[in-house]
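Letter by letter, the chains look like this.
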Amino acid sequence: MRRKLAAGNWKMHGLGESLAQIAELAGPAASVDCDVLICPPATLIERAARAAMGSAIAIGGQDCHARETGAHTGEISAAMLRDAGATAVILGHSERRADRAEDNRAVRGKARAALAAGLMPVICLGETLEDREADNTLDIIAGQLAGSVPEDPAGKPIVIAYEPVWAIGSGLTPSPDQIARVHGFLRDRLAHRFGRSMAEATRLLYGGSVKPENAATIFAVADVDGALVGGASLTARDFAPIIAALDAA
Ligand code: 13P
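Residues numbered from 1 in each chain as written. Predicted model: local features only at pLDDT ≥ 70, side-chain atom pairs only at ≥ 80, totals over all residues. Heavy atoms only, no water.

Visitor: Whenever I open this one, the nonpolar core confuses me. Can you help?
Guide: For soluble globular proteins, the rule of thumb is that nonpolar side chains tend to be buried together. In this structure, Ile-22, Ile-57, Ile-59, Ile-160, Leu-186, Phe-219 and Phe-239 are the most contacted members of the largest nonpolar core, which totals 64 residues. Per-element accounting of this core gives the leading share, 7 residues, to helix 11 (residues 236–248). Ranked by size, the runner-up nonpolar core spans 13 residues in total, among them Leu-5, Val-122, Val-159 and Leu-228. (Core = buried A, V, L, I, M, F, W, Y, C linked by side-chain atoms within 4.5 Å. Buried < 20%, exposed > 50% of the residue type's maximum accessible area, 1.4 Å probe, protein only. Helix = DSSP H or I, 4+ residues; strand = E, 2+ residues; numbered from the N terminus.)

Written as structure tokens, this is what we have:
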């Protein structure tokens, strides 16, 4: 019942010339039974949405403000992302949690704003290496899930991305058993809080050093409904085989 999702987070990468990668992905995205989402930097959202028009590729933002409008210089509201052509937004990425001191409460406020504006929030969580070595992974995940997901998503879809901080950009990935343990735990916690049908409908993505070489192994793990991909989403050459591996899983 869950449609698989391959999401690309371009982070602070991409100029106008990068839009050619979206055009190149249109073919691979049309031939699979998965959703494909690209989240470019804000400056490219409108052009990316235009480049993706008529294709199976959706465009998303990488952050939004919790308020609708106001005196918040440099910030972008959820409605602005939507107006530019985005249909989703990544929230609570560990880079923002670290660089911008975003806590769970801030992420929840942003997720509420995203839902109100008609955007699908992709809420990120994950443990640091220190948390994992201290065997605190599930406690950290439970706290982030409880604090970051709005109380009442009101039947609107949300996506949870499990991204261990130590796996991001490092070339390291957790073992399939470690991923299965966290994803199974996330599904149970969602069921406990929102009921089984919401938990079964919610897509759980894995993120952190997903590459064409390891994608099939990761997508074979129970309760992995797709991936949030950083570096390997920047080119169609790397992202297309990841999308194909997800489709084949
Ligand atoms: P990498 O795939 O580059 O490790 O990044 C993962 C990530 O942070 C996606 O949001």
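Visitor: What exactly am I supposed to notice about unusual backbone geometry here?
Guide: When glycine is set aside, most residues are seen to have a negative phi, and most peptide bonds are trans. Positive phi is not limited to glycine here, since Lys-11 has a value of about 50 degrees. Summarising the element assignment, Lys-11 is placed in the loop between strand 1 (5–9) and helix 1 (19–30). Unusually for a residue other than glycine, Ser-209 sits at a positive phi of about 60 degrees. One can find Ser-209 in the loop between strand 7 (203–207) and helix 10 (215–219).

Visitor: Quick question: what am I supposed to make of the pairing of strand 6 (residues 159–162) here?
Guide: Remark: a regular strand shows side chains that alternate across the two faces of the sheet. Taking every second residue as pointing to the same face, both faces of strand 6 are buried, with Val-159 and Ala-161 on one and Ile-160 and Tyr-162 on the other. By the bridge criterion, 4 bridges tie strand 5 (residues 120–125) to strand 6 in an arrangement that is parallel. Counted as the bridge partner of Leu-125 is Tyr-162 from strand 6. (Pairing = 2+ DSSP bridges.)

Visitor: When you look at the packing of aromatic side chains in this model, what are you seeing that I'm missing?
Guide: When we look at a pair of aromatic rings, we describe it by the centre distance and by the angle of the planes. Counted according to the given criterion, the structure contains 1 aromatic pair. Plain terms: the ring middles of Tyr-162 and Tyr-206 are 6.2 Å apart, the flat faces sit at 65 degrees to each other, and that makes the pair edge-to-face. Of this pair, Tyr-162 sits in strand 6 while Tyr-206 sits in strand 7, and the two are 44 residues apart along the sequence. Comparing Tyr-162 with Tyr-206, the two get one shared label, buried. (Phe/Tyr/Trp six-rings, centres within 6.5 Å; stacked < 30°, edge-to-face > 60°.)

Visitor: Mind showing me how you'd approach the site of the ligand here?
Guide: Residues in contact with the ligand amount to 13 residues; listed here are only the nearest, Lys-11, His-93, Glu-163, Gly-169 and Ser-209. Taking His-93, its side chain carries an N or O atom lying 2.7 Å from an oxygen atom of the ligand. One of the backbone N or O atoms of Gly-169 is found 2.7 Å from an oxygen atom in the ligand. In isolation the ligand offers 310 Å² of accessible surface; the protein chains occlude 97% of this area. In terms of residue class, the shell around the ligand is built from 4 nonpolar, 7 polar and 2 charged. (Near = heavy atom within 4 Å. Polar contact = N/O pair within 3.5 Å; in protein donor to acceptor, adjacent residues only side chain to side chain. Areas by Shrake-Rupley, 256 points an atom, 1.4 Å probe, with all protein chains shown as cover. Nonpolar A, V, L, I, M, F, W, Y, C, P; charged D, E, K, R; others polar.)

Visitor: Any chance you could explain the pattern of salt bridges here in plain terms?
Guide: Two side chains carrying opposite charge are able to pair once their charged atoms lie near each other. Under the defined criterion, the tally for this structure stands at 18 salt bridges. A salt bridge links Glu-95 to Lys-11; the nearest nitrogen and oxygen atoms lie 2.8 Å apart. Residue Glu-95 is located in helix 4 (residues 94–99), and its partner Lys-11 is located in the loop between strand 1 and helix 1; the two are separated by 84 residues in the primary sequence. Exposure remark for Glu-95: the relative accessible area of 30% places this residue in the partly exposed category. Measuring nitrogen to oxygen at the nearest pair gives 3.0 Å for the salt bridge that ties Asp-225 to Arg-187. (Salt bridge = Lys/Arg side-chain N within 4 Å of Asp/Glu carboxyl O.)

Visitor: Help me understand the side chain of Gln-21, please; the structure alone is not making it clear to me.
Guide: By the secondary structure assignment, Gln-21 is in helix 1. Polar contacts involving the side chain of Gln-21 include one to the main-chain amide nitrogen of Ala-236, which spans 2.8 Å. Once you skip the residues sitting within four places of it in the chain, Gln-21 turns out to touch Trp-10, Leu-234, Thr-235 and Ala-236. (Contact = heavy atoms within 4.5 Å.)

Visitor: Help me understand the layout of surface pockets, please; the structure alone is not making it clear to me.
Guide: Over the atoms rolls a probe the size of a water molecule, and its path tells where empty space is left. For the largest pocket, the calculated volume is near 590 Å³. Considering the residues around the largest pocket, the lining is formed by 22 residues, among which Ala-42, Gln-62, Asp-63, Arg-96 and Arg-100 are closest to the centre. Of all the elements, helix 4 adds the most residues to the lining of the largest pocket, at 3 residues. Along the lines of polarity and charge, the residues of the lining of the largest pocket split into 9 nonpolar, 6 polar and 7 charged. (1 Å grid on protein atoms, 1.4 Å probe; cavity = no way out; pocket = protein on both sides within 12 Å on 5 of 7 lines; lining within 4 Å. Points joined across faces, edges and corners; volume = space filled by probe spheres on them.)

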